[in-house]
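# Remarks on the overall topology
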Amino acid sequence: MTFILRRSSPYVLALFPFGANAHDRPTDGTFVEKPKTTSIERLKNIFYEDEFGNFSAELQYCIHLTSMGFIIGGFYGGIIRGKTAFVKFIDNNEATMFLNHMDAKRRLQDTMAYNVFKGVAQWGWRTALFTLIYGITSTSVAIIREKSGILEHTDGGFVAGAIYNIKNGIRGVIVGGGLGGVLGTIFGTITYVILLLSGKTMEDIRLYTREWKTEREELIGESDRKRRLKKDEEEIMKAADVLIEKEVS
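Counting restarts for each chain: residues are numbered from 1 in the order of the written sequence. This being a predicted model, a pLDDT of at least 70 is required before a residue's local features are given, and a value of 80 or more before pairs of side-chain atoms are given or counted; all residues contribute to the totals for chains, interfaces and linings. Side-chain metrics in this entry use all non-hydrogen atoms of the structure; hydrogen atoms and water are not considered.

All right, on to the overall build of the chain then. In this description a helix means any DSSP run of H or I spanning at least four residues, a strand means any run of E spanning at least two, and both kinds are numbered starting from the N terminus. For the chain, the helix and strand inventory stands at eight helices and zero strands. If you list the helices and strands of the chain from N to C, you get α-α-α-α-α-α-α-α. Any residue under 20% of the maximum accessible area for its type is buried, any over 50% is exposed, and the rest in between are partly exposed; the area is computed with a 1.4 Å probe on protein chains only. Counting all 249 residues of the chain, 24% fall into the buried class. When contacts within the chain are restricted to residue pairs at least 6 apart in sequence, long-range pairs at least 24 apart make up 64% of them. Any two residues whose heavy atoms approach within 4.5 Å are treated as being in contact.

With respect to the helices, strands and loops of the structure, Thr131 is situated in helix α5 (residues 101-145). Judged by relative accessible area, Thr131 falls into the buried class, the value being 16%. Polar contacts, as used here, are pairs of N or O atoms within 3.5 Å; protein pairs need one atom able to donate a hydrogen and one able to accept it. Residues neighboring in sequence count only if both atoms are side-chain atoms. At a separation of 2.8 Å, a polar atom in the side chain of Thr131 contacts the main-chain carbonyl oxygen of Thr127. Setting aside chain neighbours within four positions, we find Thr131 in contact with Leu65, Thr66 and Gly69.

So, on to the packing of helix α4 (residues 57-92) against α5. In this analysis, axes come from line fits to C-alpha atoms, helices being fitted only over the stretch in contact, and the angle between any two N-to-C directions falls in the range 0 to 180 degrees. Relative orientation of the contacting elements α4 and α5 amounts to 150°, with a least axis distance of 4 Å. One finds that α4 runs roughly antiparallel with respect to α5. The interaxial crossing formed by α4 with α5 has right-handed handedness. Looking at the contact of α4 with α5 residue by residue, the classes come out as 20 nonpolar, 16 polar and four charged. Note on angle classes: values under 35 degrees are labelled roughly parallel, values over 145 roughly antiparallel, values of 65 to 115 roughly perpendicular, and the remainder oblique. Two helices cross in a left-handed way if the nearer one is turned anticlockwise from the farther one by less than a right angle. They cross in a right-handed way if the turn is clockwise. Under the convention adopted here, Pro, Cys and the residues Ala, Val, Leu, Ile, Met, Phe, Trp and Tyr are nonpolar, Asp, Glu, Lys and Arg are charged, and Gly plus all remaining residues are polar.

Attention now goes to the packing of helix α6 (residues 151-164) against helix α7 (residues 169-198). At a minimum axis separation of 6 Å, α6 and α7 run at an interaxial angle of 150°. Comparing their axes, α7 and α6 come out roughly antiparallel. With respect to the hand of their crossing, α6 and α7 are arranged in right-handed fashion. Of the residues in α7, those in contact with His153, Thr154, Gly157, Phe158, Gly161 and Ala162 of α6 are Val173, Gly176, Gly177, Gly178, Gly180, Gly181, Gly184, Thr185, Phe187 and Gly188. Across the contact of α6 with α7, the residue classes break down as four nonpolar, 12 polar and no charged.

What follows deals with the packing of aromatic side chains. In this description, a pair of aromatic rings is defined by centroid distance and the angle of the planes. The criterion for an aromatic pair is that two Phe, Tyr or Trp rings (for Trp, the six-membered ring) have centres within 6.5 Å, with stacked assigned to planes under 30 degrees apart, edge-to-face to planes over 60 apart and tilted to the rest. By the definition in use, this model includes three aromatic pairs. Considering the side-chain rings of Tyr76 and Trp123, the 4.9 Å spacing of their centres and the 80° angle between planes classify their relative orientation as edge-to-face. Note that Tyr76 is positioned in helix α4 and Trp123 in helix α5, a separation of 47 residues in sequence. Classification of Trp123 as partly exposed rests on a relative accessible area of 37%. When the ring of Phe130 is compared with that of Tyr164, the centres are 6.4 Å apart and the planes differ by 85°; the resulting orientation is edge-to-face. One end of the pair, Phe130, is in helix α5; the other, Tyr164, is in helix α6, and 34 residues separate them in sequence.

What makes a salt bridge here is a side-chain nitrogen of Lys or Arg within 4 Å of a carboxyl oxygen of Asp or Glu, nothing more. Evaluation of the coordinates by the stated rule reveals five salt bridges. A salt bridge links Glu152 to Arg145; the nearest nitrogen and oxygen atoms lie 2.8 Å apart.

Time to look at the nonpolar core. Nonpolar cores were defined as sets of buried Ala, Val, Leu, Ile, Met, Phe, Trp, Tyr and Cys residues, with membership established by side-chain atoms within 4.5 Å. Membership of the largest hydrophobic core is limited to eight residues, which are Tyr61, Cys62, Leu65, Ile133, Tyr134, Ala160, Leu195 and Met202. Those elements that provide at least two residues to this core are α4 and α5.

Taking 1.5 Å of rise per residue, the 30 residues of α7 would be expected to cover 44 Å, and the 42 Å separating its terminal C-alpha atoms lies within 8% of that figure. For α7, the elements touching its buried residues are α6 and α8 (202-248). Where α7 ends, the next residue or the one after it, Gly199, has phi of about 75°, a positive value. Expected span of a helix: the number of residues minus one, times 1.5 Å.

Below, the discussion takes up a nonpolar patch on the surface. Judged by side-chain polarity, Leu179, Val182, Leu183, Ile186, Ile190 and Ile194 come together as a nonpolar surface patch covering roughly 570 Å² of accessible area. If you trace the backbone, Ile190 turns up in helix α7. Of the residues examined, Ile190 reaches a relative accessible area of 49% and is grouped as partly exposed. Patches draw on residues past 30% relative accessible area with no salt bridge. Two like charges within 9 Å are joined, as are two nonpolar side chains (Val, Leu, Ile, Met, Phe, Trp, Tyr) within 5 Å. Residue burial considers only the protein chains on display, and all accessible areas are found by Shrake-Rupley using a 1.4 Å probe.

The following block contains the structure:
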């Protein structure tokens, strides 16, 4: 068995064991315990900006989750309404007399574009609202518990489903919350297993999200700086050409 483990890939060895032990803690004094804070203080820190004006990693994670929800929901809604509009247009205009085939195509394109944008608007804000409530609730529960697991996903799904379906009364709140809790539990279980096998935590994912945002902003800033330098060089060259022409004349 030892020979097999030694010859195995590091990805296989990473599965044994899942938990940490005393040997995983440094003994040279580099390990620093986090200061003890209350749950209220930790919740407040989520919505505070740092000295550079950046959001916390938890809030940035919720923003990205909401954006992803809007994109996925809008994409789904656009496809559904666009497909429905196409079928209805064909069925309702079989006997319609158009000026020519270009006129028929133009009207079809206008109808499709209108319904696609309408589907994006109808589905996008709903999925964005659901994921926003889900993200804030699950993150807040994890911050209060000071650990990540499945419970916060269940709570997040329950609260998001209940609030989303509150327009249908008490029965709608119960049904929406129950369905949201089930979906949150399924998603939380899948996430927990993936993180367990990869050796990562939700805190690591939030930090990666913040680092990705920082790197993206740095790339945008670098690209803008190069563009400005190129523009300045072109202006200097133009001014130099004008001076040379004046001297020659």
